[in-house]
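# Remarks on the overall topology
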Amino acid sequence: MSETKTIGKDYTTWELIRFVSSPVLTQFALSLLQTLDDGLFLSRYVGRNALAAFSIVFPIFMVINALSELFCGVNVYCATKMGAGKSEEANRSFTIMVISAVITGLFITIVLKLGENFFIRALGATDLLFPYIKKFLSVAGWYLPMIIVEGLFSRFYVTAGKPQFAMITMLITAFSNFFFDWLFIARLQLGMVGAAYANLVGHVALIIFGLVFYSGKTCEVGFTRPQGKVLPLMKRCFKLGFPQFFTCLAIAVNGFIGNQVLLKYGGEEGVSAYTIVSNIQFMFTSSLFGLSGAVCPLISYAFGEQNKQKIRRIITQVLKLTAGLTVIIILTYLLAKNLILGIYLKSDATENVRTMADYGLMVAPLAFLFFGFNVLTIDTFVALNNSRTSTILTALENFIFSNLTIIGLPLLFGLKGVWFAFAASEALTFGFTIMFILQNKNRYIQ
């Protein structure tokens, strides 16, 4: 197999930086626009209860994202097949999984619409927040399943040799969300329904772009005639996607538990403050997901070639990039966090919300020290087809440690304990990350 494939090239460190720059900047820019989008329009034009309602409904988004990650296991499978010289099989597998994702999405739409009130109450919505969530889901229920297919399209731009397309599509979506939020919420005063309509436009745009792109001839992975056994393929891909599926599912559970803890210790204002802190944290850490997502297809390709020296070189390079990006994230965060907080909080924001958010933002950088390395390690094990180790680390990080800390620390320190939960969870996970790296290093590199 010739190494003319984009993900099969031997990259120098500077070439790798250029290769990953688009996904990294895409994730950061998208999360920045979405964070400012939610803060500027929901907080300022609908109210802090709208932001709290959005946090309550957050677990639904994460469950949908979890299903998307399950299907995205085909990305690792296809990259490995491409490294083994089986590009046509990669195309067929991609096509089959997209069709399966569409069918799954339609089923979810029906279930969600039939049980809408039940799901809202099951999420723990208070009487004050219920109408906000009801209005939002009246529209969002129709586009949430699109996220499954959208996730597949977004993940494959790197594997298809066009990482810059991820930036183009996501920025178009983010800017459209911003514009239509302004139109529907600020100008037309549609409230939560307006926010849902704005998101709908962005998701539809991504789906259309992906369909056009993967139907063309310029990408290294695309649509073809779906042939082959579907169930064995889904079983294999779901196994590869399970660690990320479990991550999102665990985050959904953690978000649900966190909301209940916040309602207990801080009421709706506590949920609002926690939503602000969590969104700002995600805005800065999202670039680390972009870096990890960009390099993992390269690792999978090298694994398909059975080239241990290449795997070692890529991992060494990306560890350096992760360390450098972490430093940049922390410095940028310290400079910008107060400015972003000001966007969320109107001048008439309650002192209680402001105080809680300030404290949470002060503690947040502690988690950044460990977060990038944990994400990279988990995704690397997936790229190396070791879903077992990745799943264990995922369970420790996003289910066991995160829930233990967010439940246990408030029992000891009250509301302040909530803000330390994320950092404590990442620090505990980092210890196990080092242990699993030492246990497995001779298996993949030399």
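Residues numbered from 1 in each chain as written. Predicted model: local features only at pLDDT ≥ 70, side-chain atom pairs only at ≥ 80, totals over all residues. Heavy atoms only, no water.

Below, the discussion takes up the overall build of the protein chain. Of the regular secondary structure elements, the protein chain holds 15 helices and zero strands. In terms of overall size, the protein chain behaves like a compact globule, its C-alpha atoms giving a radius of gyration of 21 Å where 446 residues would be expected to give roughly 22 Å. The principal-axis extents of the C-alpha atoms in the protein chain amount to approximately 65 × 40 × 35 Å. Taken across its 446 residues, the protein chain has 58% of its residues classed as buried. Pairs at least 24 residues apart make up 83% of the contacts formed inside the protein chain by residues separated by at least 6 positions. Accessible area of the protein chain: about 18,600 Å², with a carbon and sulfur share of 67%. Across the protein chain, the 34 positively charged side chains and the 22 negatively charged ones have centroids separated by 8 Å. (Helix = DSSP H or I, 4+ residues; strand = E, 2+ residues; numbered from the N terminus. Rg over C-alpha atoms; globule rule 2.2 N^0.38 Å. Buried < 20%, exposed > 50% of the residue type's maximum accessible area, 1.4 Å probe, protein only. Contact = heavy atoms within 4.5 Å. Areas by Shrake-Rupley, 256 points an atom, 1.4 Å probe, with all protein chains shown as cover. Lys, Arg positive; Asp, Glu negative; His and termini not counted. Charge placed at Lys NZ, Arg CZ, Asp CG, Glu CD.)

Glancing now at the nonpolar core. By size, the foremost hydrophobic cluster in this structure holds 122 residues, and its most contacted members are Phe-136, Leu-137, Leu-144, Tyr-214 and Phe-284. Dropping the residues within four chain positions of it, Tyr-214 is found in contact with Phe-94, Phe-153, Phe-156, Tyr-157, Ala-160, Cys-219, Val-221, Gly-222 and Phe-223. Among the nonpolar cores identified, the runner-up in size contains six residues, and Met-62, Ala-66, Cys-248 and Ala-252 belong to it. (Core = buried A, V, L, I, M, F, W, Y, C linked by side-chain atoms within 4.5 Å.)

Now for the side chain of Glu-69. If you trace the backbone, Glu-69 turns up in helix 2 (residues 48-71). The residues touching Glu-69, leaving out its near neighbours within four places in the chain, are Arg-155, Gly-241, Gln-244, Phe-245 and Cys-248.

Turning next to the pattern of salt bridges. Working definition: two side chains of opposite charge can pair if their charged atoms are close together. This model, assessed by the stated rule, comprises four salt bridges. One salt bridge connects Lys-81 with Glu-89, and the closest N-O pair in it is separated by 3.6 Å. With a closest N to O distance of 3.2 Å, Lys-113 and Glu-116 form a salt bridge. Look at Glu-116 and you get buried, because its relative accessible area is 8%. (Salt bridge = Lys/Arg side-chain N within 4 Å of Asp/Glu carboxyl O.)

Let us look at helix 6 (residues 130-143). Compared with the 20 Å implied by 1.5 Å per residue over 14 residues, the 20 Å span of helix 6 between its first and last C-alpha is a close match. By the largest-angle criterion, Leu-137 marks the main kink of helix 6, which is about 40°. When helix 6 is considered as a whole, its buried residues turn out to be Phe-130, Ile-133, Phe-136, Leu-137, Val-139, Ala-140, Gly-141 and Tyr-143. Residues of helix 6 that are buried sit in contact with helix 2, helix 4 (87-114), helix 5 (116-122), helix 7 (146-159) and helix 9 (191-215). (Expected span 1.5 Å × (residues − 1). Bend = angle between axes of the 7 residues up to and from the residue.)

Moving on to the environment of Phe-71. By the secondary structure assignment, Phe-71 is in helix 2. Expressed as a C-alpha distance, the spacing of Phe-71 and Val-149, which sit 78 residues apart in the sequence, is 8.6 Å. When sequence neighbours within four positions are dropped, the list of residues in contact with Phe-71 reads Met-97, Ser-100, Ala-101, Thr-104, Ile-148, Leu-152, Met-234 and Phe-238.

What follows is about the side chain of Thr-322. Relative to the elements of secondary structure, Thr-322 occurs in helix 11 (residues 308-344). Not counting the four nearest positions on each side in its chain, Thr-322 is found in contact with Leu-288, Leu-291, Gly-372, Phe-373 and Leu-376.

We now examine a nonpolar patch on the surface. On the surface, a cluster of nonpolar side chains totalling about 550 Å² of accessible area is made up of Tyr-265, Ile-407, Leu-411, Leu-412 and Phe-413. Examining the composition of the nonpolar patch, we find that four residues originate from one element, helix 14 (residues 387-413), more than from any other. By the element assignment, Phe-413 lies in helix 14. (Patch = residues over 30% accessible without salt bridge, like charges linked within 9 Å, V, L, I, M, F, W, Y side chains within 5 Å.)

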